[in-house]
Amino acid sequence: MVESEMEATVHRIRQSVREHSKWFEDSLPLIASENLVSPYAKELMISDFHSRYAEGLPGERYYEGNRWVDEVEIECLKLAQRVFRCNFADVRPISGTVANIAVLKALTEAGDRVGSCRLAEGGHISSASFGAFGIRGVKPVHYAWDPKLMQLDVDGTRRILLEERPKTCLFGLSLFLFPFPLKELAPTLQEIGARGWYDGAHVLGLIGGGQFQDPLHEGCTVLSASTHKTFPGPQHGIILGETQDEDIRKKLQSASFPGVTSNHHLHTMAGLAVALAEHLAFGEEYAKATIANARALGQGLQERGFEVLAADRGFTASHQVAVRVGKEGGGESAAKLLEKAGIVVNKNLLPGDKSPKFPEGLRLGSQELTRVGMGPSEMTRVAELIDAVLHQGRSPDEVREEVRELKRGFTTLRYCFAAGEAAYRYYDLVGLPSA
Ligand SMILES: *Cc1c(COP(=O)(O)O)cnc(C)c1O
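Residues numbered from 1 in each chain as written. Predicted model: local features only at pLDDT ≥ 70, side-chain atom pairs only at ≥ 80, totals over all residues. Heavy atoms only, no water.

(A) Here's a closer look at the overall build of the chain. Tallying secondary structure elements over the chain gives 15 helices and 17 strands in all. The C-alpha atoms of the chain give a radius of gyration of 22 Å, which matches the 22 Å a tight globule of 435 residues would have. Taken over the C-alpha atoms alone, the chain extends approximately 60 × 55 × 45 Å along its principal axes. Within the chain, the fraction of its 435 residues that count as buried is 57%. With the model as given, the accessible surface of the chain reaches about 18400 Å², and the carbon-plus-sulfur share is 52%. (Helix = DSSP H or I, 4+ residues; strand = E, 2+ residues; numbered from the N terminus. Rg over C-alpha atoms; globule rule 2.2 N^0.38 Å. Buried < 20%, exposed > 50% of the residue type's maximum accessible area, 1.4 Å probe, protein only. Areas by Shrake-Rupley, 256 points an atom, 1.4 Å probe, with all protein chains shown as cover.)

Put into structure tokens, the structure is as follows:
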């Protein structure tokens, strides 16, 4: 009885995942922190690597059976240093937040002050007191922000740094439109003896493609990131560095393991190695197309009466566009309405929002639609569909059909080897019978 009931449960779970995949297949995903992985990366995620442990570093493992894991991890480390033009990599953190906790463990002590951005100005929860900063017991020192430029205010931030003298300065954002003025701030960091640390979770793929900024050559020693936002790899984390300081390298390594991981998810590490190789082949072209698409989306929305942030600066220099939708009913209701039409976005706090509970913004990312081959003219069409729902009062169900129609022409994954339609259909790759 229980057996067949549970078998039915298993099939129900599988069915939910199938329906999810199908829904995404004919929708327009614009969540800025998501992406699609290539067929080869996906293949490795369902390999036997998923079943194993490899604590330690290649050649110095605690478990046996790691001969090929070592080969892959050594390759992964080499590729990471090549893609990001640096001399240190650790691919064991299993997510961006875990990478950040490792860096905090390696570079800071409880009670330290650490420079960071406020949440309302785009900072990530891992730099909040109720997030990773709190776990480490460090206190944020917030930079000055220029809401018109949507970047740090250099003079104001200099003053704050000289006064507060944090030992570590974190530069990272989740609402990330423009590069940080790192070169301008570098002399101040030097003056107060602070180490620069860059959180590139959102923009890693753009950095790898050489189209955003190069933090490890603009005054930061360490770069931590997720590997699945603009960098189109498996959900994982990474720490990169440019330093000859053996002490720092050792500290980062021991913070990764045994500090914040035991198992480091070998299947995603192998997928990451593939994604890194593919990024060397296609990253530049992909990053350029992603940024051009974000700009086209910003333009298309502005032309249709939306209040797109940083219009004077061309809306964005990243994959993201930020739109204030106060007059459209606020971020929450706008995002819900768009979801009904198959346009997937998230509500987002914007600088100047009156309450963190009622974000006035929407954050949109162009990277996933770029990966399936869309270009600027499709971005204009996306803006039209958003306008139809939020301004023209068209029924989301009706617009849903037009969304399906638009998406139908884009089912092939680009910027990877073995590009193909199968990339969209995860469950087909597994080859199990359908429910
Ligand atoms: C997404 C994000 C992270 C955390 O990434 P996960 O991989 O989800 O843990 C860290 N920092 C910033 C700035 C982010 O946007």
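Text resumes after the structure shown.
(B) Representation of unusual backbone geometry in the model. That bond from Phe-257 to Pro-258 is cis: its omega, 5°, falls within 30 degrees of zero. Note that Pro-258 resides in helix α9 (residues 246-260). Even without being glycine, His-265 reaches a positive phi, approximately 60°. You can see His-265 is positioned in the loop between α9 and α10 (266-303). Accessibility expressed as a relative area gives 29% for His-265, which makes it partly exposed. Positioned with a positive phi, Ala-310 is a non-glycine residue whose angle comes to about 55°. Judged by relative accessible area, which is 10%, Ala-310 ranks as buried.

(C) How the structure looks around the pattern of salt bridges. As enumerated under the stated definition, the model contains 30 salt bridges in all. Of the charged contacts in the structure, one is a salt bridge between Asp-26 and Arg-400, with a shortest N-O distance of 2.9 Å. Remark: Arg-400 occurs in helix α14 (residues 396-408) and Asp-26 occurs in the loop between α1 (2-25) and β1 (28-29); sequence separation between them is 374 residues. The exposure classification of Asp-26 matches that of Arg-400, with both residues buried. Measuring nitrogen to oxygen at the nearest pair gives 2.4 Å for the salt bridge that ties Arg-394 to Glu-402. Through salt bridges with shared partners, a single ionic network connects Arg-304, Arg-381, Glu-384, Arg-394, Glu-398 and Glu-402. (Salt bridge = Lys/Arg side-chain N within 4 Å of Asp/Glu carboxyl O.)

(D) Here's a closer look at the sheet that holds strand β4 (residues 88-90). Strand order in the open sheet formed by 7 strands is β4-β12-β11-β10-β9-β5-β6, and the pairing between neighbours is mixed. The open sheet terminates on both sides in strands that have one partner only, identified here as β4 and β6 (139-142). Within this sheet the neighbouring strands show an average axis-to-axis angle of 25°, counted without direction. As judged from the 4 bridges shared by strand β10 (residues 195-199) and strand β11 (residues 220-226), these two strands associate in the parallel manner. In the sheet register, Tyr-198 faces β11, and the bridge partner there is Leu-223. On the sheet, helix α3 (residues 67-83) packs against β4 and β12 (237-241) and is oriented at approximately 130° with respect to β4. Sheet strands in contact with α9 are β4, β10, β11 and β12, and its direction is about 10° off that of β4. (Pairing = 2+ DSSP bridges. Axes fitted to C-alpha atoms, helices over the stretch in contact; angles between N-to-C directions. Contact = heavy atoms within 4.5 Å.)

(E) Just the site of the ligand, in detail. With respect to spatial proximity, 13 residues lie near the ligand, and among them Gly-96, Thr-97, Ser-174, Asp-199 and Lys-229 are the closest. In the model, a nitrogen atom of the ligand is placed 3.4 Å from a nitrogen or oxygen of the His-124 side chain. In the model, an oxygen atom of the ligand is placed 2.8 Å from a nitrogen or oxygen of the Ser-174 side chain. Compared with its free state, where it exposes 380 Å², the ligand has 86% of that area covered by protein. Looking at the shell around the ligand, the element that brings in the most residues is helix α4 (residues 96-107), giving 3 residues. Across the shell around the ligand, the residue classes tally to 2 nonpolar, 9 polar and 2 charged. (Near = heavy atom within 4 Å. Polar contact = N/O pair within 3.5 Å; in protein donor to acceptor, adjacent residues only side chain to side chain. Nonpolar A, V, L, I, M, F, W, Y, C, P; charged D, E, K, R; others polar.)

(F) Examining the environment of Ile-101 more closely. When you line up the elements, Ile-101 lands in helix α4. A relative accessible area of 23% places Ile-101 in the partly exposed class. Between the C-alpha atom of Ile-101 and that of Gly-115, which follows or precedes it by 14 residues, the distance is 15 Å. When near neighbours in sequence (up to four residues on either side) are disregarded, Ile-101 contacts Ala-132, Ile-135 and Val-260.

(G) Looking closely at the sheet that holds strand β16 (residues 346-348). Judged by pairing direction, the sheet is antiparallel, and its 4 strands sit side by side in the order β13-β14-β17-β16 without closing on themselves. Taken across any chain shown, the strands that pair with only one partner, and hence form the sheet edges, are β13 (307-308) and β16. Pairing of β13 with strand β14 (residues 320-324), which is carried by 2 bridges, proceeds in the antiparallel orientation. What sits directly across from Val-308, in β14, is Val-323. Those strands touched by α10 are β13, β14 and β17 (361-365), and its axis lies near 20° from that of β14.

(H) Structural detail: α10. The end-to-end C-alpha distance of α10, which contains 38 residues, comes to just 47 Å, noticeably less than the 56 Å that a straight helix rising 1.5 Å per residue would cover. Within α10, the axis deviates most sharply at Phe-282, by approximately 70°. (Expected span 1.5 Å × (residues − 1). Bend = angle between axes of the 7 residues up to and from the residue.)

(I) Structural context of the packing of aromatic side chains. The final tally for this structure, using the stated rule, is 12 aromatic pairs. Consider the rings of Phe-84 and Phe-231, whose centres lie 6.2 Å apart with planes at 50°: the pair is tilted. Residue Phe-84 is located in the loop between α3 and β4, and its partner Phe-231 is located in the loop between β11 and β12; the two are separated by 147 residues in the primary sequence. When its relative accessible area of 1% is taken as the criterion, Phe-84 is described as buried. For Phe-231, a relative accessible area of 1% translates into the label buried. Within the aromatic cluster, the residues linked to one another by ring pairs are Tyr-143, Phe-171, Phe-176, Phe-180, Tyr-198 and Phe-212. Against the face of Phe-178 rests Arg-313, its NZ or CZ located 3.9 Å from the ring centre. (Phe/Tyr/Trp six-rings, centres within 6.5 Å; stacked < 30°, edge-to-face > 60°. Lys NZ or Arg CZ within 6 Å of the ring centre and 35° of its normal.)

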